[in-house]
Each structure stands twice: as structure tokens, then as C-alpha cells.
Amino acid sequence: MKIKMGEYEVKKETTYEVDTHDDTKDDVKDDVKEAGHEVKEGAKDAKDKVKAGAKAVFNKVKDPDRDLGTEYDKEKVKEKID
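All figures in this text were calculated on a predicted structure; none of them were measured in a lab.

The rules behind each value
- Residues numbered from 1 in each chain as written.
- Predicted model: local features only at pLDDT ≥ 70, side-chain atom pairs only at ≥ 80, totals over all residues.
- Heavy atoms only, no water.
- Helix = DSSP H or I, 4+ residues; strand = E, 2+ residues; numbered from the N terminus.
- Buried < 20%, exposed > 50% of the residue type's maximum accessible area, 1.4 Å probe, protein only.
- Contact = heavy atoms within 4.5 Å.
- Areas by Shrake-Rupley, 256 points an atom, 1.4 Å probe, with all protein chains shown as cover.
- Salt bridge = Lys/Arg side-chain N within 4 Å of Asp/Glu carboxyl O.

**Topic: the overall build of the protein**
Scanning the protein from N- to C-terminus turns up two helices and two strands. Per-residue burial for the protein yields a buried fraction of 9% across its 82 residues. The contacts of the protein with a sequence gap of at least 6 include a subset with a gap of at least 24, amounting to 19%. Summed over all atoms, the accessible surface of the protein reaches about 7600 Å², with 55% contributed by carbon and sulfur.

Put into C-alpha cells, the structure is as follows:
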């Protein structure tokens, strides 16, 4: 835009600030890293549960009088400690 002031012509300059979202790249990386960590923890927890369940069934087969739920809970605690 040009503005005439007497015999002088003045150009009016407009500036714009543009957010390039550079800071969000780090946020996205952190979010992905955190999600990966959660998946890893979930997989480990699932593995521990399957392992505890298998051991509980094995103990139940060895001694049919044992309560499967109690055996599972006992083995689950052992897996968490290991």
C-alpha cells in the first residue's frame, strides 16, 4: 500500500508473524516415545499374566485340589516380583 504525503511517497509495510510449529515436533516425538513406553509396559504386563496363568494351570494339573484362581494370583505376584 502506498500513501502520498505531499511530494513524498511513503510505502506502508505490513509484517506478519508466522508460526512454523517447530516446537510441536518435539512434542510429537515425546508423545510417540511415551506411547511406545506404554505399549511396551502393556505387553510386559500381558506376558506376565499369560505366564502366571500357565503356571497356575500346571499346578492345578499336578494337584487337582488346588484352587485355580488362588494359584493364578500367587503366580502373578511372583511374576511381578521377578
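Now that the structure is up, let's keep going.
**Focus: the pattern of salt bridges**
Enumeration according to the criterion identifies five salt bridges in this entry. Between Asp63 and Arg66 there is a salt bridge, with its nearest N and O atoms 3.7 Å apart. Taking the relative accessible area as the measure of exposure, Asp63 reaches 31% and is therefore partly exposed. Between Arg66 and Glu71 there is a salt bridge, and its shortest N-O distance comes to 3.3 Å. Salt bridges here are not isolated pairs; linked through shared partners, they connect Asp63, Arg66, Glu71 and Lys74.

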